[in-house]
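Results of the structural survey
Residue-level listing of the chains:
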Amino acid sequence: MTGELTVYINGTYVPESKAKISVFDHSFLYGDGVFEGIRVEDGGIFAFQEHLTRLQRSARFIGLDISSERIHIETAIIEVIKRNNLRNGYVRPIVTRGQGPMGITRMRELQGPTVLVIPQRHTDSPDLWQHGLAATVVSVRRNPPQCLDPRVKANQYLNNILALLEAWNAGSDVPVILDISGFVSECASENIFTVRDSIVHTPFVINSLDGITRRHVISICSQKFDVVECDMTPYDLYAADEIFAVGSVSLMRPITKIDGRVVGDGKPGPVTKRLFDMLRKKLISESHKVFQ
Ligand code: PMP
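Rules used throughout
Residues numbered from 1 in each chain as written. Predicted model: local features only at pLDDT ≥ 70, side-chain atom pairs only at ≥ 80, totals over all residues. Heavy atoms only, no water. Helix = DSSP H or I, 4+ residues; strand = E, 2+ residues; numbered from the N terminus. Rg over C-alpha atoms; globule rule 2.2 N^0.38 Å. Contact = heavy atoms within 4.5 Å. Areas by Shrake-Rupley, 256 points an atom, 1.4 Å probe, with all protein chains shown as cover. Axes fitted to C-alpha atoms, helices over the stretch in contact; angles between N-to-C directions. Parallel < 35°, antiparallel > 145°, perpendicular 65-115°, else oblique. Left-handed = near helix turned anticlockwise from the far one by under 90°. Nonpolar A, V, L, I, M, F, W, Y, C, P; charged D, E, K, R; others polar. Patch = residues over 30% accessible without salt bridge, like charges linked within 9 Å, V, L, I, M, F, W, Y side chains within 5 Å. Salt bridge = Lys/Arg side-chain N within 4 Å of Asp/Glu carboxyl O. Near = heavy atom within 4 Å. Polar contact = N/O pair within 3.5 Å; in protein donor to acceptor, adjacent residues only side chain to side chain.

1. Some thoughts on the overall build of the protein
Broken down by element type, the protein carries eight helices and 17 strands. For a compact globule of 292 residues, the expected C-alpha radius of gyration is about 19 Å, and the protein comes in at 19 Å, within 12% of that figure. With respect to the principal axes defined by its C-alpha atoms, the protein has extents near 55 × 45 × 30 Å. Considering only residue pairs separated by 6 or more positions, the protein has 71% of its internal contacts joining residues 24 or more positions apart. For the protein, the exposed area adds up to about 13,900 Å²; of that, 52% sits on carbon and sulfur atoms.

2. Observations concerning the packing of helix H2 (residues 48-61) against helix H6 (residues 212-224)
For the pair H2 and H6, interaxial distance at closest approach is 10 Å and the crossing angle is 135°. Relative to H6, the element H2 is oriented oblique. Remark: the crossing between H2 and H6 carries right-handed chirality. Where H2 approaches H6, its residues Glu-50, His-51 and Arg-54 are matched on the opposing element by Ile-212, Arg-215 and His-216. Taken together, the residues that form the contact of H2 with H6 break down as one nonpolar, two polar and three charged.

3. Quick notes on a nonpolar patch on the surface
Judged by side-chain polarity, Val-23, Phe-24, Phe-28, Tyr-30, Met-102 and Ile-104 come together as a nonpolar surface patch covering roughly 630 Å² of accessible area. In this fold, Tyr-30 is placed in helix H1 (residues 26-30).

4. Describing the site of the ligand
Taken together, the neighbourhood of the ligand is formed by 17 residues, with Lys-153, Tyr-157, Glu-186, Thr-213 and Ser-248 sitting nearest. With respect to the ligand, the side chain of Arg-54 contributes an N or O atom lying 2.8 Å from an oxygen atom. In the model, an oxygen atom of the ligand is placed 2.6 Å from a nitrogen or oxygen of the Tyr-157 side chain. Out of a free accessible area of 380 Å², the ligand has 96% covered by protein chains. Contributing elements (two or more residues each) for the shell around the ligand: H6 and strand S14 (242-247). Here the shell around the ligand is composed, by residue class, of five nonpolar, seven polar and five charged.

Below you can see the structure in the form of structure tokens.
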């Protein structure tokens, strides 16, 4: 489907070319806001309430109470999906502190919050399951909870962007980011898993986003494989039989090369493929249907 997408901005639905916010919005000026990335698959919304709860918690962390807006955001998401006939894609609700005078000391004068819902259609990468991705352990470290807790999905991704740029500059597709103690945290916009001797491992989520796809993968694993949440170092990546990344947009992506080393036999592994099939089934059977 082509043509302009419809975007929700503060109570109105507008074509994307008219979807504008003020240059005085605090998210534009300071990255002062929070967001979610929600997958739409086969006309249904996956983990809808979990995403809304995480959005509300991220907002609460930055001092915004959106409990009374939650129902409106929920309605706007459904409406954006319907208006765009978005059967397979992604929606991004964003809540910013709002617009007003420039300067963080004048924050109490803002007319906020600004609420947006932006849709996007899926783009497939057909080669992904043939070859998998190359990853690089980058020098940029994940911002620790003492600075800005990575469990908050905040409107500033410079940390992740710098990590991705570094991976691209090294000729890889994705970065693996370590926390400041040197333990594996996550990729730029995905959580990470390894498989060794058929046991699935993933880092704790103290120094990474508490990914919703990650949670569902852990619950699927527990039906079929042993799964362990633990501290991991680059050794665990180099010694892995399989590595994969998970997130709402990509769902699951096999990593077949890490820092130039081939993972397993260099092809997406059997556990990864099995989990991907199980995840897709879970996603479709549990989604909130917008289209029947
Ligand atoms: N880590 C980061 C930094 C992300 O941006 C995302 C995408 N939201 C994820 C992990 C995966 O989280 P989820 O499964 O909730 O999309």
